[in-house]
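# Residue-level structural notes
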Amino acid sequence: MAEPAMKLTMVIESSGEGFVPHIIPLLTEMSLQDVLDQPFVQAELGPLMQRPSRRALSCCASVLCLTAAWITFDITDRLTEGYNKFIPYYLNPAATYNVGLSKSSFRTKVSVGTNPWTKVAGCGAGESRSDL
């Protein structure tokens, strides 16, 4: 979680509805680090960085289902105010895709993603494979 992009992703994933519209104009004018340095972003980021990573890791690790290139998980039985969306790939780096269900105090969320570190050809952001 050292890179500004990873930190900002974590904040966006765990923030309420009003956060994203507030941050979009800043992203057109500032570097990611400058956006992270904004007081309202720091107010969201601080508690997230203090959360124990082990708790988040064990929360996801206990429910991951692995099939071929897919990771699926359902943590709706645990109220979470967001989690690091890269945890499934950390736990299973060979996976190409992930589909997860989570629940917070203000939403139930379905997440679908592609591993940004995948070595599978043709599976970059916005691409898909029909043979899986």
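Residues numbered from 1 in each chain as written. Predicted model: local features only at pLDDT ≥ 70, side-chain atom pairs only at ≥ 80, totals over all residues. Heavy atoms only, no water.

So, on to the overall build of the protein. Helix and strand counts for the protein stand at 6 helices and 4 strands. N-terminal to C-terminal, the α/β element order of the protein is α-α-α-α-α-β-β-α-β-β. Here the protein holds 132 residues, and 33% of them are scored as buried. Element-wise, carbon and sulfur atoms account for 57% of the exposed surface of the protein, whose accessible area totals about 7,900 Å². (Helix = DSSP H or I, 4+ residues; strand = E, 2+ residues; numbered from the N terminus. Buried < 20%, exposed > 50% of the residue type's maximum accessible area, 1.4 Å probe, protein only. Areas by Shrake-Rupley, 256 points an atom, 1.4 Å probe, with all protein chains shown as cover.)

Once that is clear, we can look at the pairing of strand S4 (residues 108–114). Where strand S3 (residues 97–103) and S4 come together, 7 bridges link them in antiparallel fashion. Each residue of the ladder has a partner; that of Leu101, found in S4, is Val110. Between S3 and S4, which pair antiparallel in sequence order, lie 4 residues. (Pairing = 2+ DSSP bridges.)

Take the nonpolar core next. By size, the foremost hydrophobic cluster in this structure holds 11 residues: Leu8, Met10, Val11, Phe19, Ile23, Leu26, Val35, Leu36, Val41, Leu45 and Leu48. Contributions of two or more residues to this core are made by helix H1 (4–14), helix H2 (19–29), helix H3 (32–36) and helix H4 (39–50). Among all residues touching Leu48, those that are not within four sequence positions of it are Met10, Val11 and Ser14. Of all hydrophobic cores here, the second largest spans 6 residues; its members include Ile71, Phe73, Tyr89 and Ala95. (Core = buried A, V, L, I, M, F, W, Y, C linked by side-chain atoms within 4.5 Å. Contact = heavy atoms within 4.5 Å.)

Each pair of packed helices can be summarised by the angle the axes make with each other and by the distance between the axes. Put simply, H1 and H2 touch, their axes get as near as 10 Å, and they point 150 degrees apart. With respect to their mutual orientation, H1 and H2 come out roughly antiparallel. Here the hand of the crossing between H1 and H2 comes out left-handed. Where H1 abuts H2, its residues Leu8, Val11 and Ile12 lie against Phe19, Val20, Ile23 and Leu27. Residue composition of the contact of H1 with H2, grouped by class: 7 nonpolar, no polar and no charged. (Axes fitted to C-alpha atoms, helices over the stretch in contact; angles between N-to-C directions. Parallel < 35°, antiparallel > 145°, perpendicular 65-115°, else oblique. Left-handed = near helix turned anticlockwise from the far one by under 90°. Nonpolar A, V, L, I, M, F, W, Y, C, P; charged D, E, K, R; others polar.)

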